[in-house]
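Descriptive structure summary
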Amino acid sequence: MRQSKAERILGVHAHAPAAHVGFDPEHLRRLLINLLDNALRHASGKPSSIRLITQPSGSEHVRLSVWSDGQALEASVMRHLFEPFFSSESRSSGLGLYICRELCERYGAQIAYRRTRLDQREGNEFYALIPAASPAPTREPTQQSLSYPMGDSVRSARRAPRPPALG
């Protein structure tokens, strides 16, 4: 089976597969899309040049990390990373990382950047420390009895007498 180029570039490492976080699913999706889009824009394109990693961070948090093997960020860029409308590229709106920061703050998470090594390769890592949430309880279907007021009981299936035919 052949893999697409994107599948060869991206490595997914779920070290917290059963973790639950209190993020709205659509907001978590937006966070991931923005981080992965930035990684794709700056990665080399080589196999495993982008990594998505989840792992527990203590008992209270889940660490969601997007790493790419891109060049080190300049100090002038790092100072403004999460500010609105800041971008190092002309084709970008400069809102991606700002939206990530706003979403993280909304859910009590923290987002940060650091230059780090992964598998002997230098790269850029954006990570969010997200508070762990208890799994949603599975609800058994409940059977309810409906009570009707006394005067509204269903009448028996007997038909009412027909009026006499006119004619």
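Everything that follows concerns the structure shown earlier in this document.
Residues numbered from 1 in each chain as written. Predicted model: local features only at pLDDT ≥ 70, side-chain atom pairs only at ≥ 80, totals over all residues. Heavy atoms only, no water.

**Notes on the overall build of the protein**
In terms of helices and strands, the protein carries four helices and five strands. Secondary structure elements in the protein, listed N-terminal to C-terminal, are α-β-α-β-β-α-α-β-β. Counting the 167 residues in the protein, one finds 27% classified as buried. Considering only contacts within the protein whose residues lie at least 6 apart along the sequence, 66% involve residues at least 24 apart. Counting only carbon and sulfur atoms, one obtains 52% of the accessible surface of the protein, whose full area is about 12400 Å². (Helix = DSSP H or I, 4+ residues; strand = E, 2+ residues; numbered from the N terminus. Buried < 20%, exposed > 50% of the residue type's maximum accessible area, 1.4 Å probe, protein only. Contact = heavy atoms within 4.5 Å. Areas by Shrake-Rupley, 256 points an atom, 1.4 Å probe, with all protein chains shown as cover.)

**Brief notes about unusual backbone geometry**
Positive phi, close to 60°, is recorded for Ser 48, a residue that is not glycine. By the element assignment, Ser 48 lies in the loop between helix H2 (25-42) and strand S2 (50-57). Taking relative accessible area as the criterion, Ser 48 reaches 25% and is therefore assigned partly exposed. Of note, the phi angle at Gln 120 is positive, near 65°, even though the residue is not glycine. Mapped onto the fold, Gln 120 is located in the loop between strand S4 (110-118) and strand S5 (121-131).

**Digging into the packing of H2 against helix H4 (residues 96-106)**
Two elements in contact, H2 and H4, have axes separated by 9 Å at closest approach and are oriented at 145°. Pair H2 / H4 crosses with left-handed handedness. Across the interface between the two elements, His 27, Arg 30, Leu 31, Asn 34, Leu 35 and Asn 38 of H2 pack against Gly 96, Leu 97, Ile 99, Cys 100, Leu 103, Cys 104 and Arg 106 of H4. Within the contact of H2 with H4, the residues separate by chemical class into seven nonpolar, four polar and two charged. (Axes fitted to C-alpha atoms, helices over the stretch in contact; angles between N-to-C directions. Left-handed = near helix turned anticlockwise from the far one by under 90°. Nonpolar A, V, L, I, M, F, W, Y, C, P; charged D, E, K, R; others polar.)

**Remarks on the packing of aromatic side chains**
With the rule as written, the count across this model stands at three aromatic pairs. Ring geometry for Phe 82 versus Phe 126: centroids 6.3 Å apart, planes at 80°, classification edge-to-face. Of this pair, Phe 82 sits in the loop between helix H3 (75-78) and H4 while Phe 126 sits in strand S5; the two residues are 44 residues apart in sequence, bridging distant segments of the chain. According to the relative accessible area criterion, Phe 82 is buried, its value standing at 16%. Grouped by ring-pair contacts, the aromatic residues Phe 82, Tyr 113 and Phe 126 constitute a single cluster. Above the face of the Tyr 127 ring, Arg 63 is positioned so that its terminal group lies 4.1 Å from the ring centre. (Phe/Tyr/Trp six-rings, centres within 6.5 Å; stacked < 30°, edge-to-face > 60°. Lys NZ or Arg CZ within 6 Å of the ring centre and 35° of its normal.)

**Section: the sheet that holds strand S3 (residues 61-68)**
If you trace the five strands from one edge of the open sheet to the other, you get S1-S2-S3-S5-S4, paired in mixed fashion. Looking at the sheet topology across the chains shown, the edges are occupied by strand S1 (10-14) and S4. In this sheet, adjacent strand axes meet at a mean angle of 20° when their direction is disregarded. Where S2 and S3 come together, eight bridges link them in antiparallel fashion. Bridge assignment links Ile 53 to a residue of S3, and that residue is Ser 65. Contacting S1, S2, S3, S4 and S5, H2 crosses the sheet at an angle of about 25° to S3. Its contacts with the sheet place H4 against S4 and S5, and it is angled at close to 120° to S4. (Pairing = 2+ DSSP bridges.)

**Digging into the nonpolar core**
Counting residues in each nonpolar core, the largest one holds 23 residues, and the members touching the most others are Phe 23, Leu 31, Leu 35, Leu 81, Cys 104, Ile 111 and Phe 126. Examining the composition of this core, we find that four residues originate from one element, H4, more than from any other. Among residues more than four places away in sequence, those in contact with Phe 126 are Leu 35, Leu 64, Ser 65, Val 66, Leu 73, Leu 81, Phe 82, Leu 97, Ala 112 and Tyr 113. (Core = buried A, V, L, I, M, F, W, Y, C linked by side-chain atoms within 4.5 Å.)

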